[in-house]
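Understanding the architecture of this molecule
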Amino acid sequence: IRSRRIDRIDLLKIDTEGSELDILRSLVEADWRIIRQIVVEAHDEELTGLVTALLANHGFIPVVKWSDDFPGLSMIYAQNSACALQRSPHAVAAV
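The rules behind these values
Residues numbered from 1 in each chain as written. Predicted model: local features only at pLDDT ≥ 70, side-chain atom pairs only at ≥ 80, totals over all residues. Heavy atoms only, no water. Helix = DSSP H or I, 4+ residues; strand = E, 2+ residues; numbered from the N terminus. Buried < 20%, exposed > 50% of the residue type's maximum accessible area, 1.4 Å probe, protein only. Contact = heavy atoms within 4.5 Å. Salt bridge = Lys/Arg side-chain N within 4 Å of Asp/Glu carboxyl O.

Let us look at the overall build of the protein chain. A tally of helices and strands in the protein chain yields four helices and four strands. For the protein chain, the succession of helices and strands along the chain, N to C, is β-α-α-β-α-β-β-α. Here the protein chain holds 95 residues, and 31% of them are scored as buried. Residue pairs at least 24 apart in sequence account for 57% of intrachain contacts in the protein chain once pairs closer than 6 positions are excluded.

So this is what it looks like as structure tokens:
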């Protein structure tokens, strides 16, 4: 992120077959601030809990969707709480 001088990440998708937590832990504080949303695939309940807690600790609002077809598989969707408070001019309000 730093070497490419990236100043904003709208969506960070992580599906690395077991290294998701290592990748998230490698982010520095400045990285967390520029990420608006994160999606992580997790393959067991323990990893889901660890990832969810890490995201929450960095100011994200995580939501977990468990797979109906594969026990233990989850998708974790998280939005940066600072971004959640800001509405995009292109956002559509629910009716």
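Still to come is the rest of the account.
Right, let's talk about the pattern of salt bridges for a bit. Throughout the structure, instances matching the rule amount to three salt bridges. Where aspartate 31 meets arginine 2, a salt bridge forms, and the shortest distance between an N and an O atom there is 3.4 Å. In this pair, aspartate 31 sits in helix H2 (residues 29-34) while arginine 2 sits in the segment before strand E1 (12-14), placing the two residues 29 residues apart along the sequence. For arginine 2, a relative accessible area of 56% translates into the label exposed.

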